Amino acid sequence: QGQLVESGGGSVQAGGSLRLSCAASGFTGSNNCMGWFRQAPGKEREVVARIYTVYGNTYYADSVKGRFTISQDNAKNTVYLQMNSLKPEDTAMYYCAADRGSNWRCYTSTTPSSFNYWGQGTQVTVSS
């Protein structure tokens, strides 16, 4: 059974940066679409970014465009989320998710239900 493990979360002041990592292991096949979601207390889980790992296509939520960058290292089976210019509203538990599908499926996978593999999450706290 496959597993996703997030790391890199922490506390940072507004304007700072963090890099999250998601390491995938134990999967028998490729996770073609890797995504980052976040969930603040009392709020729904929302998509942050996705990457189609076959070709490297990336997709972002409007709220993080220009600030966050999703990338991959296929050799290490790891996906990263570089977060710059962090804002207090970025505070949330960040989750790594994976799915097996097409680029189109990855592009349209903006809800948690679209992903069938999840990590345990890593907390990101941004103070003002």
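Refer to the preceding data block for the structure.
Everything numeric here is computed off the predicted structure, so don't read it as measured data.

Moving on, we come to the sheet that holds strand β1 (residues 3-7). One open sheet holds the four strands; their spatial order is β1-β3-β8-β7, and the pairing between them is antiparallel. Either end of the sheet is taken by a strand with one partner, and the two such strands are β1 and β7 (68-73). The mean inter-strand angle of the sheet, taken between neighbouring strand axes irrespective of direction, is 15°. Two elements, strand β3 (residues 18-25) and strand β8 (residues 78-83), share six bridges in a ladder whose sense is antiparallel. Across the sheet, residue R19 finds its bridge partner in β8, namely Q82.

In this structure the tally under the stated criterion is two disulfides. A disulfide bridge connects C22 with C96, and the sulfur atoms are separated by 1.9 Å. Here the S-S torsion is close to -75°, and the disulfide linking C22 with C96 is therefore left-handed. Here C22, found in strand β3, pairs with C96, found in strand β9 (residues 92-99); they are 74 residues apart in sequence, far enough to count as distant.

Definitions and limits used
Residues numbered from 1 in each chain as written. Predicted model: local features only at pLDDT ≥ 70, side-chain atom pairs only at ≥ 80, totals over all residues. Heavy atoms only, no water. Pairing = 2+ DSSP bridges. Helix = DSSP H or I, 4+ residues; strand = E, 2+ residues; numbered from the N terminus. Axes fitted to C-alpha atoms, helices over the stretch in contact; angles between N-to-C directions. Disulfide = S-S within 2.5 Å.

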